[in-house]
Amino acid sequence: MTLREVAKRANVSIATVSRTINREPSVSPSLARRVRRVIEEIGYYPNTHARALVSGHSRIFGLMISETMNAFFPEISRIFENLGFEHNFEIFLSSVARDPRQNEIAVRRMIERQIEGVAILSFEEEHSLIEVFRRRRVPIVVLDIESPGPLLKTVCIDYKHGIRQAVQHLAAMGHTRIALITGPTHLRTAVARKIAVQECMEEIGREIPPQLLVEGGHTLETGMKALFLLAASTDPPSAVLCSHDITAMGVMRGAFELGLDIPRDLSLVGCDDIHMAQFTTPPLTTVQISQAEIANIAFQALLDSLKDQSNGSSRGVCAIQAHLVLRHTTAPAPGRLKRGRFGPARGQSIRH
């Protein structure tokens, strides 16, 4: 079926069919309904590549996120795709890979599809990706990257706001031995969260002792191992802050192995508020970073960037705040925990 056949069956001109498909307001509602009815009846699909060549607009946005195994990003991609449907944009989705060659192929495919903008929403280092798109004058939206470059819009996250709430919440419940399980040091966001925790502890006149500061990897396994290390401390913590909810879930599994009750024996706070956090047992208290807000701001920034280019504007910054979500993994501090309560995990010995 062709555009000509649609026009013939709807008894309108080819130009009217084209304007209807492109949702131009110059077509009367009655004609537009007639054309769309014929399109549905015969199953006509427009050639989007041909339309892009003629109009100069592909109506395609690119979205690059951290590897899909990271539980924080599926919700962002889902909302972003829904916004694409709502605004008649196609979404070209790709993950930011550790392999530079794979990233190069993903970028090339996006540019070949003539994307009109790209949101790079990940916690990896993306400067090389940004530079490629910038040279092509593709509008870019990024997550938590400071840059004065043209065509760059940044969604900044105020981690400290929510982390301060978490630290003050634990302190108010009498916790003085608070541990921190960080994320991997190569992630700038993990470093930012660690610094925010340390600064917020200083604000209340406390600090995290070196033996209660453990590097994790934002995985279940590293969360378990970190708790076992903390358990071996001569003066173990009564509360643990985690740089990621998945790490916190690993701590919960480790606590089960050690026979510890959360929150009676150990209070626990995660970070991100991924979808699974509300379904753990007990439901996880966490610092919420709204995936919905990130997706909405990023998509709107791309829409705005298309207007900005014609107006000569180049850059903007959008800020969102993290917030503490109280559930059931925190409680008043118990008496100083005896080391015996942190005995070796069942079926596993702890190495000192």
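Going by the structure above, here's the rest.
Since this is a predicted model, take the numbers as computed values, not measurements.

## Thoughts on the overall build of the chain
Scanning the chain from N- to C-terminus turns up 12 helices and 12 strands. Scored against the burial criterion, the 352 residues of the chain give a buried share of 51%. At a minimum sequence separation of 6, the contacts of the chain that also span at least 24 residues come to 72%. Only carbon and sulfur atoms are counted for the fraction: they give 51% of the accessible area of the chain, which is about 17400 Å².

## Quick notes on the environment of Ser 26
Inspection of the secondary structure puts Ser 26 in the loop between helix 2 (14-21) and helix 3 (29-42). Taking the relative accessible area as the measure of exposure, Ser 26 reaches 54% and is therefore exposed. Sequence spacing of Ser 26 and Thr 16 is 10 residues, and the spatial spacing of their C-alpha atoms is 9.1 Å.

## Structural notes on the pairing of strand 8 (residues 239-242)
Neither face of strand 8 is left uncovered, since the one carrying Ala 239 and Leu 241 and the one carrying Val 240 and Cys 242 both have all their residues buried. Note that strand 6 (residues 178-182) and strand 8 share 4 bridges and pair parallel. Bridge pairing links Leu 180 to Leu 241 in strand 8. Bridge count for strand 8 against strand 9 (residues 267-272) is 3 bridges, and the pairing is parallel. Its bridge partner being in strand 9, Val 240 is matched across the sheet by Leu 268. Each parallel crossover has a hand, and the one from strand 8 via helix 11 (residues 245-258) to strand 9 is right-handed.

## So, helix 1 (residues 3-10)
Where helix 1 is concerned, the buried positions are Val 6, Ala 7 and Ala 10. Seen end-on, helix 1 carries its buried residues on one side only, within an arc spanning 100°. Seen from the open side of helix 1, the exposed residues pointing more than 90 degrees away from its buried face are Arg 4 and Lys 8. In this structure, the buried side of helix 1 is in contact with helix 2 and helix 3.

## Remarks on the side chain of Ser 243
Along the chain, Ser 243 turns up in the loop between strand 8 and helix 11. A distance of 3.1 Å separates polar atoms of two side chains, one belonging to Ser 243 and the other to His 218. Apart from the residues within four sequence positions on either side, Ser 243 is in contact with Ile 181, Thr 182, Gly 183, Ala 190, Arg 193, His 218 and Cys 271.

## Some thoughts on the nonpolar core
Within the largest apolar cluster, 74 residues are counted, with the highest numbers of intra-cluster contacts made by Leu 241, Leu 268 and Ile 294. Discounting chain neighbours no more than four positions away, the residues touching Leu 241 are Ala 166, Val 167, Leu 170, Ile 178, Ala 179, Leu 180, Ile 181, Val 197 and Val 269.

What counts, and where the lines are drawn
- Residues numbered from 1 in each chain as written.
- Predicted model: local features only at pLDDT ≥ 70, side-chain atom pairs only at ≥ 80, totals over all residues.
- Heavy atoms only, no water.
- Helix = DSSP H or I, 4+ residues; strand = E, 2+ residues; numbered from the N terminus.
- Buried < 20%, exposed > 50% of the residue type's maximum accessible area, 1.4 Å probe, protein only.
- Contact = heavy atoms within 4.5 Å.
- Areas by Shrake-Rupley, 256 points an atom, 1.4 Å probe, with all protein chains shown as cover.
- Pairing = 2+ DSSP bridges.
- Right-handed = clockwise from strand over helix to strand, strands pointing away.
- Arc of directions from axis to C-beta.
- Polar contact = N/O pair within 3.5 Å; in protein donor to acceptor, adjacent residues only side chain to side chain.
- Core = buried A, V, L, I, M, F, W, Y, C linked by side-chain atoms within 4.5 Å.

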